[in-house]
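Listed below are the residues making up each chain.
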Amino acid sequence: MSHHTGILVLGEIHENSLTTPSKELLAAGRGLADGLGYLLSIGIVGRDVKQASQDAICYGADQVLAIENPALENPQADLQLEALTRICQRSNPDIILLARTTAGRDLGPRIAARLNVGLAQDCLHLRIDPALKRLIARRPVYGGNAIAEVTCTQTPQMVSIRPKVYEPLEYDPSRTGEILTDSVDLDPSIDVVKLVEVIQDEKEGARLEDSRVVIAGGRGLGSSESFKHLEIIAQLLTAGLGASRAVVDAGWVPPHMQIGLTGKTISPDLYIAVGISGASQHMAGCSGAKTIVAINKDQNANIFNESLYGVVGDWEKILPSFTETLRELLE
Amino acid sequence: MPFRIIVLVKQVIDPEMPISAFQVDEGLQDVVTPPHVPPVLNGFDENAVEAALRIKDRQEAEITVVSLGQSFALDVIKKPLSMGCDNLVLVEDPSLSNTIDSTLTASLLASTVRKLGIPDLILCGRQASDWDNAQVPLMIAEFLNLPCITVAKHLEVAENLIVVQKHTPEGTYVLECPLPALVTVSNELGQPRYPTLRGIMAATRKQPTTWMTNDLDVASSDLEPRLKITDLYVPSTGGDCQFITGENEAEAGRLLALKLREAKLL
């Protein structure tokens, strides 16, 4: 029975740089590693890993285990999965951390299956149980209606962490560590899923995730035409425009506007929800907002439990004067 | 030879039920099945059933629906048959503890698929609305050594190939992989069709095949839980909303704008 030791973070690179979620993972891993007296390693694979490897040390890693190969460019590919699995198997860690990003969502479960272990998904908080000396991970379930604390029975203990929960550590150029880069022969026939084409969707405009103010509409708007009212406000406030899943499913708005558990996760300074009931699956996407303001005709709507300010009533009667007043104030 | 599809579906507590009805039994560490709210088919699984039926609309296909659970509401779990699927296989086992453990669930479902014979295509919803894991389909693909494409919004069967479109932040990706394969389906696929009267009558006549976990060829080590719940609770909610009112709704709208400005939120 081989001895498992150390924390291994599975990193991601984008345009040869370490991604922000990877830096967040290093912050999470650093805390655990220091508590357990473990080495913190990061696995990085890609076409060119040099800059990302250097940065990883400066963001908290003790060791980088890298595989560099031109075939590893595409983050969605089976070759990336193969390379990262090898790193996991060779380094034999006690704990593996990944980020719940688009790529991580697919890689995590597949690596867990290959290692025949469990994976605690979408975690918000990690701690070591002092008695069991095992990781306890806290995560939302049932769309956020409940919180579960879970533990992995097998080793390595695998956890996927929700992005933006941890803050990256300060970049420290004086940090030193070990960078081990392998080139490794990868069989290109492993890549069976081929990307044939990328179709550009209609202009998304400013990314919702980057907007400081977001206004969103739900079923209460009644129709796709009603979104014009929100568009006017969005323009006035230079805000992003979002929607609940119900109106995406109804075909009123395109999918890139969807905010929620299976849509976008946003954390604006101000989130204005119009005609949105605030079901847990939606709140999972916007509960990171600093302030939530809601307009809904149902005073018992769950959205009001999460809002700082609310107006109960018909949006059609509320929004015109809201908009006019905004226009006056901002001029 | 008809094109063989297996669709994996799950019966879940209705995610649309009022939040006030949601309860956790902290002793049992499980969610209480609400007594007056009937269970439903997991929403994304209905999208997967729809994806299968669209393939059957265009070519000769045989769709077998498979579900794993502790206890089934027959009228709920037969819905895919009413929508037009051909067969239903249930793996029912009261000893199955809650299914947060995707690795265990995937082991059992992979064994079920092997017992039925690997089909041309396996379809799944992208995730279930109870544990929100989005893991089981990917793990099944690994256990069965099949290529896997996730969150499809459009599928097309070509010669020994599946062509899938999925929505990503960079645009719509068009992907293809050889068959057999596993694809997970997202709500962008579109609304699932309603059961037809003919479908409902056919479903009433059909009896599902029912197996227990010991009918499956699973190593006992694969039945060990990989994940355990140590605590389960309902978080306390905020509830400190300041309601802005006025003489009428228009006035309230005006006051809201003024309030947000005053609070330096704009």
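None of these values were measured; they are calculated from a predicted model.

Asks: What am I meant to see in the overall build of chain B here?
Replies: Within chain B, the regular secondary structure consists of seven helices and 15 strands. C-alpha atoms of chain B, sized along the principal axes, occupy 70 × 45 × 40 Å. Counting across all 266 residues of chain B, residues that qualify as buried make up 54%. Taking as baseline every contact in chain B between residues at least 6 positions apart, the subset at least 24 positions apart corresponds to 74%.

Asks: Looking at this structure, how should I read the pattern of salt bridges?
Replies: Oppositely charged side chains are able to pair whenever their charged atoms sit close together. Applying the stated criterion across every chain, the model contains 32 salt bridges over all chains. Here Arg 110 of chain A and Glu 142 of chain B are joined by a salt bridge, their closest N and O atoms 2.8 Å apart. With Arg 110 of chain A in helix H4 (residues 102-115) and Glu 142 of chain B in helix H5 (residues 136-143), this residue pair bridges two chains. As far as burial versus exposure is concerned, Arg 110 of chain A and Glu 142 of chain B are alike and both buried. Here Glu 251 of chain B ties to Arg 254 of chain B by a salt bridge, and the two come within 3.4 Å at their closest N and O atoms. Of the two residues, Glu 251 of chain B and Arg 254 of chain B are both situated in helix H7 (residues 249-262); the distance of three residues between them amounts to about one turn of the helix. Of the residues examined, Arg 254 of chain B reaches a relative accessible area of 35% and is grouped as partly exposed. Each of Asp 78, Glu 82, Arg 86, Arg 110 and Arg 114 of chain A together with Glu 142 of chain B takes part in one network of salt bridges that share partners.

Asks: Would you mind showing me how to read the sheet that holds strand E17 (residues 291-296) of chain A here?
Replies: In a beta sheet, neighbouring strands are held together by backbone hydrogen bonds and run either parallel or antiparallel to one another. Here six strands make up an open sheet; going across it, the order is E15(A)-E14(A)-E16(A)-E17(A)-E18(A)-E15(B) and the pairing parallel. Strand pairing shows two members of the sheet lacking a second neighbour, strand E15 (240-243) of chain A together with strand E15 (242-243) of chain B, which therefore form its edges. Inspection of the sheet shows strand E18 (residues 309-312) of chain A paired to E15 of chain B by two bridges, in the parallel sense. Opposite Gly 310 of chain A, over in E15 of chain B, you have Phe 243 of chain B as the bridge partner. Seen against the sheet, H7 of chain B touches E17 and E18 of chain A together with E15 of chain B and runs at an angle of roughly 175° to E18 of chain A.

Asks: Which parts of the structure should I look at to understand the confidence of the model for chain B?
Replies: Should pLDDT be low for a region, the predicted coordinates there are not to be read in detail. The predicted model of chain B averages 93 in pLDDT, with 99% of residues at 70 or higher. Our summary of model confidence lists the complex with pTM equal to 0.91 and ipTM equal to 0.92.

Asks: For this particular structure, what's the right way to read the nonpolar core?
Replies: As a rule of thumb, nonpolar side chains are buried together in soluble globular proteins. Core analysis: the biggest nonpolar cluster contains 51 residues, and Leu 10, Ile 111 and Met 158 of chain A together with Leu 8, Ile 122 and Ile 140 of chain B have the highest contact counts within it. Setting aside its immediate chain neighbours within four residues, Ile 140 of chain B contacts Leu 8, Ala 106, Leu 109, Ala 110 and Leu 182 of chain B. Within the second largest apolar cluster, 46 residues are counted, among which are Ile 42, Ala 61, Ala 120 and Val 141 of chain A.

Asks: Where do I start with the packing of helix H3 (residues 78-91) of chain A against H4 of chain A in this structure?
Replies: Between two packed helices, the angle of one axis relative to the other and the distance separating the axes together describe the packing. Residues and elements named next belong to chain A. Contact geometry for H3 and H4: axes closest at 10 Å, N-to-C directions at 50°. The angle between H3 and H4 places the two elements in the oblique class. Here H3 and H4 pass one another in a crossing that is right-handed. Residues Asp 78, Leu 81, Glu 82, Leu 84, Thr 85, Cys 88 and Gln 89 of H3 pack against Leu 107, Arg 110, Ile 111, Arg 114 and Leu 115 of H4. Considered class by class, the residues forming the contact of H3 with H4 number six nonpolar, two polar and four charged.

Asks: What am I meant to see in the interface of chain A and chain B here?
Replies: Bring the parts together and some accessible area is lost; that lost area is often taken as the interface size. With 80 residues of chain A at the contact, the number on the chain B side is 77 residues. Of the roughly 7000 Å² buried between chain A and chain B on both sides combined, carbon and sulfur atoms contribute 59%. Looking only at chain A, the three residues that lose the most surface to chain B are Tyr 142, Asn 145 and Tyr 309 of chain A, adding up to 11% of its buried area. Summed over the shared surface of chain A and chain B, the number is three salt bridges. Applying the counting rule to chain A against chain B returns 31 residue pairs in polar contact (both at pLDDT 80 or more). Per element, the largest residue contribution to the side of chain A that touches chain B is eight residues, and it comes from helix H8 (residues 315-330) of chain A. The residue makeup of the side of chain A that touches chain B, split by class, is 38 nonpolar, 24 polar and 18 charged. Taken together, the five bridges between strand E13 (residues 194-199) of chain A and strand E11 (residues 171-178) of chain B define a ladder with antiparallel strand orientation. Bridging across to E11 of chain B, Ile 199 of chain A finds its partner in Thr 172 of chain B.

Asks: Whenever I open this one, helix H5 (residues 227-237) of chain A confuses me. Can you help?
Replies: Residues separated by three or four positions in an α-helix point in the same direction, a consequence of the helix having 3.6 residues per turn. Residues and elements named next belong to chain A. Within the sequence span of H5, burial applies to Phe 227, Leu 230, Ile 233, Ala 234 and Leu 237. Mapping the buried residues of H5 onto a view down its axis gives an arc of 115°, with all of them on the same face. H5 presents Lys 228 and Gln 235 as exposed residues on the side facing more than 90 degrees away from its buried surface. Of the surrounding elements, those touching the buried residues of H5 are strand E14 (213-217), E15, helix H6 (245-249), strand E16 (270-274) and H8. Immediately beyond the C-terminal end of H5, within one or two residues, lies Thr 238, with a positive phi of roughly 50°.

Asks: For this particular structure, what's the right way to read the pairing of strand E6 (residues 61-69) of chain B?
Replies: Moving residue by residue along a regular strand, the side chains alternate between the two faces of the sheet. All names here are of chain B. Burial analysis of E6 places eight of its nine residues in the buried class, which makes it a mostly covered element. Direction of pairing for strand E1 (residues 3-9) relative to E6: parallel, over a ladder of seven bridges. Within E6, the residue paired with Val 7 across the bridge is Val 65. Two strands pair when backbone bridges link them, and E6 and strand E7 (residues 87-92) are joined in this way by six bridges, in the parallel orientation. Paired with Val 66 across the bridge in E7 is Val 89.

Asks: I keep staring at the packing of aromatic side chains and nothing clicks. Help me out?
Replies: The way to describe two aromatic rings as a pair is by their centre distance and the angle between their planes. According to the stated counting rule, one finds four aromatic pairs over all chains in the structure shown. Centroid distance Tyr 142 of chain A to Trp 131 of chain B: 5.2 Å. Interplanar angle 75°. Geometry classified as edge-to-face. Here Tyr 142 of chain A is found in the loop between strand E9 (134-141) and strand E10 (146-152), whereas its partner Trp 131 of chain B is found in the loop between strand E8 (121-125) and H5 on a different chain. Per residue, the accessibility class of Tyr 142 of chain A equals that of Trp 131 of chain B, and both read buried. An angle of 65° between the planes, with centres 4.9 Å apart, marks the rings of Phe 304 of chain A and Phe 243 of chain B as edge-to-face. Here Phe 304 of chain A is found in the loop between E17 and E18, whereas its partner Phe 243 of chain B is found in strand E15 on a different chain. With relative accessibility at 3%, the residue Phe 304 of chain A sits in the buried group. On the basis of relative accessible area, Phe 243 of chain B is assigned to the partly exposed category, the value being 43%. In textbook terms, an aromatic cluster arises when at least three aromatic residues are bridged by ring pairs, as seen for Tyr 142 of chain A together with Phe 22 and Trp 131 of chain B. Stacked on the ring of Trp 211 of chain B, the Lys or Arg Lys 115 of chain B has its end atom at 4.9 Å from the ring centre.

Conventions we followed
- Residues numbered from 1 in each chain as written.
- Chains lettered and ligands numbered in written order.
- Predicted model: local features only at pLDDT ≥ 70, side-chain atom pairs only at ≥ 80, totals over all residues.
- Heavy atoms only, no water.
- Helix = DSSP H or I, 4+ residues; strand = E, 2+ residues; numbered from the N terminus.
- Buried < 20%, exposed > 50% of the residue type's maximum accessible area, 1.4 Å probe, protein only.
- Contact = heavy atoms within 4.5 Å.
- Salt bridge = Lys/Arg side-chain N within 4 Å of Asp/Glu carboxyl O.
- Pairing = 2+ DSSP bridges.
- Axes fitted to C-alpha atoms, helices over the stretch in contact; angles between N-to-C directions.
- pLDDT = per-residue confidence, 0-100.
- Core = buried A, V, L, I, M, F, W, Y, C linked by side-chain atoms within 4.5 Å.
- Parallel < 35°, antiparallel > 145°, perpendicular 65-115°, else oblique.
- Left-handed = near helix turned anticlockwise from the far one by under 90°.
- Nonpolar A, V, L, I, M, F, W, Y, C, P; charged D, E, K, R; others polar.
- Buried area = accessible area lost by both parts, 1.4 Å probe.
- Polar contact = N/O pair within 3.5 Å; in protein donor to acceptor, adjacent residues only side chain to side chain.
- Arc of directions from axis to C-beta.
- Phe/Tyr/Trp six-rings, centres within 6.5 Å; stacked < 30°, edge-to-face > 60°.
- Lys NZ or Arg CZ within 6 Å of the ring centre and 35° of its normal.

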